[in-house]
Every structure is written in structure tokens, then in C-alpha cells.
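Listed here are the chains, written in short residue letters.
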Amino acid sequence: DTKMTEGGLNVTLTIRLLMHGKEVGSIIGKKGETVKKMREESGARINISEGSCPERIVTITGPTDAIFKAFSMIALKFEEDINASMTNSTVTSKPPVTLRLVVPASQCGSLIGKGGSKIKEIRESTGAQVQVAGDMLPNSTERAVTISGTPDAIIQCVKQICVVMLESPPKGATIPYRPKPASAPIIFAGGQAFTIQGQYAIPHPDLTKLHQLAMQHPPFTPLGQTTPGFPGLDASTPTSSHELTIPNDLIGCIIGRQGSKINEIRQMSGAQIKIANATEGSAERQVTITGSPANISLAQYLINAR
């Protein structure tokens with residue numbers, strides 16, 4: 001059993017894990033029973049990041065022995081899931097348990113060691129596979145450290161990683177990795193930011209604030225341009241217009257009751273939308289959208305979503 005530096009075994013430490021939705025579901029358990037049991041039995045605080053992201057962050061905080069207990073419970077749970085998935089499958093070789101830790105990049109050097117000596121030592125003494133990602137996770141100063149092996153090897157490996165993390169605390173500020181929602185595109189229109197979820201454009205207040213600030217304080221003017229440029233975002237981008245034809249039988253759902261839907265689309269997109277009157281003998285109506293490229297693309301998106 002590795003004795004921890006810095007005053008024995010009761011140093012509080014935080015370890016962050018990156019998990020897929022399915023793994024998180026397994027740890028939470030029915031009505032949260034599994035995670036409740038893990039919290040009670042390990043004495044560690046276990047927090048699961050909110051959000052409908054394909055990836056979630058699971059944060060485990062507590063004295064080192066509580067962390068090891070929580071880790072062993074998680075590793076055993078994953079082992080159970082692997083066994084369960086193998087009962088009705090033809091796979092003969094059993095896949096190892098795999099956990100992904102998120103570690104500040106400033107600590108990864110100590111974890112790898114001179115010429116890879118430390119990580120080699122951890123691999124050899126624990127029997128676990130350990131890999132440190134070469135690149136930082138998006139918009140963060142953290143890297144993913146993937147460990148895989150038997151539950152026992154993983155627990156031994158986590159113990160050694162904890163020792164390294166305690167001996168070499170992170171340097172400077174760490175920008176933590178936050179998983180992004182399932183690739184929801186972000187559209188800026190009419191001075192507002194929207195994220196697309198399913199079929200709806202949802203106004204995004206934080207992004208809107210950023211967007212408005214960006215409009216007020218353009219960071220720099222590219223050479224040879226007199227107006228500061230924000231491609232596709234700048235209020236002074238020339239307006240253009242775009243024409244669509246929409247079948248008569250669908251136009252009703254775009255206009256909505258007394259024009260309520262089309263007005264909503266106009267408001268959200270910031271574009272002008274004109275619907276031509278029906279021409280005799282034609283099964284389609286002409287729709288003209290005018291505005292900046294960003295406004296037009298959002299209006300088109302919203303019309304298609306309708």
C-alpha cells in the first residue's frame with residue numbers, strides 16, 4: 001500500500017473522469033441507487049456534470065483512501081457490465097475495464113517522467129495499460145489519460161497516479177475540460193446566439209452576451225480593411241437575398257395561425273421574409289429571404305425545421 005506524501009493518507013484530492021453517457025448511466029444506476037451506494041460506502045464526493053452531452057465529467061473528491069474505494073467500486077461496476085455484455089455474445093476474449101482520467105497538462109510531464117520512465121514504471125508495476133493523450137482536450141489545458149486493465153490493476157494504477165499528482169501539483173491556472181453538447185451548431189442572428197437542439201433553435205444567453213460584446217469590441221482590424229471584420233457576424237455585412245420555393249400544402253405550417261410562425265421565424269432569424277401570393281396553376285409559392293448571410297442561414301434552417 002503506497003503511503004502518500006504530505007501528511008499520510010488523508011490528503012484531499014480531486015480526480016476527474018471522462019465518461020460516455022452509457023457508462024454514466026451505469027454508475028448512476030436505477031433511481032440513482034448505484035451512485036448513492038458508492039458515495040456512502042467510499043465516503044468520497046462523486047459529482048456528475050449536468051447536461052445532455054454524449055460525454056460527462058465525473059468528479060471524485062475526498063481523502064485518497066476514499067478516492068481509491070470509489071475507484072474500485074467504479075472499476076468493479078464496469079467489470080460487471082463487461083461480463084453482462086459477454087453472456088450472450090460470441091466474443092471469447094474479455095475486453096479490459098477502461099477509465100479515462102482528465103489531468104491538467106502541467107501534471108502530465110511528471111506522470112510520463114523523463115524519457116517516459118515514470119509511465120513505464122507505472123505500467124510495469126501495476127500491469128495496467130496507461131496512455132497520455134498527445135493533445136489537450138478541446139478548449140482546455142487538460143489531457144486525457146486512459147487506463148485499462150483488470151479492476152485490480154486499475155486501482156493500483158490510480159494509486160500511483162494520485163501519488164504523482166500530489167507530489168507535483170498543477171502549475172499555473174488550469175482551464176478544465178467541459179464536454180460540449182452533441183455537436184449542436186451555434187448560429188448568430190439578429191444580435192442573438194442560438195444553439196440548435198433537435199428541431200428548435202434555442203436562444204443562448206451566455207453566447208448572446210459574448211456575441212454582443214464581440215460586436216462592440218472587435219479584437220483587431222485585418223490589414224487593408226477599414227471596418228473591423230467578423231465574417232458572417234458583422235452588422236455591416238452586405239445584405240443579400242435568397243429565394244426558396246415551398247409547396248402550397250406546406251406553406252400553412254410555415255405561416256402559422258394568423259402569421260404567428262412566420263413572425264417568430266422573422267424575429268428569431270432577424271431576416272426579412274416575403275411570401276409571394278399564390279399564382280394560378282402553380283403548386284408552389286415563392287419565398288424571398290433578405291438579410292445578412294447569418295440571418296438568411298438561420299431563417300432557412302428554421303423554415304426547414306418547420
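An unreviewed UniProt entry annotates the protein chain as PCBP3 protein of Nyctiprogne leucopyga. Looking at the protein chain in UniProt, the text filed under Subcellular location (unreviewed entry) is "Cytoplasm".

Q: Describe the sheet that holds strand β2 (residues 45-48), with residues and values.
A: An order of β2-β3-β1-β4-β6-β5 is seen for the 6 strands of this open sheet, with the pairing classed as antiparallel. In this open sheet, the two edge strands, each paired with only one partner strand, are β2 and β5 (129-132). This sheet shows a mean twist of 25 degrees between the axes of neighbouring strands, independent of strand direction. Summarising the sheet, strand β1 (residues 12-20) and strand β4 (residues 97-104) pair through 3 bridges and their orientation is antiparallel. Each bridged residue has a counterpart across the sheet, and for R16 the counterpart in β4 is V102.

Q: So, the nonpolar core: which residues are in play, and what are the values?
A: Residues L101 and I147 are the most contacted members of the largest nonpolar core, which totals 46 residues. Take this core: its biggest share by element is 11 residues, from helix α3 (residues 64-87). Core analysis: the next-biggest nonpolar cluster, separate from the first, contains 16 residues, L244, I251, I296 and A299 among them.

Q: Describe helix α4 (residues 105-112), and please don't skip the residues or the numbers.
A: Of all the positions in α4, only A105, Q107, C108 and L111 are classed as buried. End-on, the buried residues of α4 take up no more than an arc of 140 degrees, which puts them together on one face. Note on α4: the residue one or two positions beyond its end, G113, has a positive phi of about 80 degrees.

Q: How would you summarise the pattern of salt bridges if you had to cite specific residues and measurements?
A: Inspection of the entire model under this criterion finds 8 salt bridges. Among the salt bridges present, the one from E121 reaches K118, with a minimum N-O distance of 3.2 Å. Of this pair, E121 and K118 both sit in helix α5 (residues 117-126), 3 residues apart, which is roughly one turn of that helix. When its relative accessible area of 41% is taken as the criterion, E121 is described as partly exposed. The class of K118 is partly exposed, set by a relative accessible area of 24%. Taking the shortest distance from any N to any O, the salt bridge between E264 and K261 comes out at 3.3 Å.

Q: Can you explain the sheet that holds strand β12 (residues 284-291)? Please cite residues and give values.
A: With antiparallel pairing, 3 strands are arranged side by side in an open sheet as β10-β12-β11. A single partner strand is all that each edge strand has here, and the edge strands are β10 (240-247) and β11 (272-275). Averaged over all pairs of adjacent strands, the angle between strand axes in this sheet comes to 20 degrees, irrespective of strand direction. Taken together, the 4 bridges between β11 and β12 define a ladder with antiparallel strand orientation.

Q: Describe in detail helix α2 (residues 33-42), supporting the description with residues and values.
A: Among the residues making up α2, those that are buried are V35, M38 and S42. Here the buried residues of α2 occupy an arc of 55 degrees about the axis, which is enough to place them on one side. Every exposed residue of α2 that faces more than 90 degrees away from the buried side is listed here: E33 and E40. If you follow the buried residues of α2, they end up packed against α1 (21-28), β2 and α3. A positive backbone phi angle near 80 degrees is found at G43, which sits one or two residues after α2.

Q: How would you sum up the pairing of β1? Please name residues and give values.
A: Note: β1 against strand β3 (residues 55-63), 9 bridges, orientation antiparallel. Opposite L17, over in β3, you have V58 as the bridge partner.

Q: A description of the packing of helix α8 (residues 248-255) against helix α9 (residues 260-269) should follow, citing residues and the corresponding values.
A: At a closest axis distance of 5 Å, the pairing of α8 and α9 adopts a crossing angle of 65 degrees. On the basis of their axis angle, the class for α8 and α9 is roughly perpendicular. Between α8 and α9, the contacting residues are C253, I254 and I255 on the first element and S260, K261, I262 and I265 on the second. Within the contact of α8 with α9, the residues separate by chemical class into 5 nonpolar, 1 polar and 1 charged.

Here is what the cut-offs are and how they apply
Residues numbered from 1 in each chain as written. Predicted model: local features only at pLDDT ≥ 70, side-chain atom pairs only at ≥ 80, totals over all residues. Heavy atoms only, no water. UniProt positions renumbered as here; feature names shortened; annotations may be inferred. Pairing = 2+ DSSP bridges. Helix = DSSP H or I, 4+ residues; strand = E, 2+ residues; numbered from the N terminus. Axes fitted to C-alpha atoms, helices over the stretch in contact; angles between N-to-C directions. Core = buried A, V, L, I, M, F, W, Y, C linked by side-chain atoms within 4.5 Å. Buried < 20%, exposed > 50% of the residue type's maximum accessible area, 1.4 Å probe, protein only. Arc of directions from axis to C-beta. Salt bridge = Lys/Arg side-chain N within 4 Å of Asp/Glu carboxyl O. Contact = heavy atoms within 4.5 Å. Parallel < 35°, antiparallel > 145°, perpendicular 65-115°, else oblique. Nonpolar A, V, L, I, M, F, W, Y, C, P; charged D, E, K, R; others polar.

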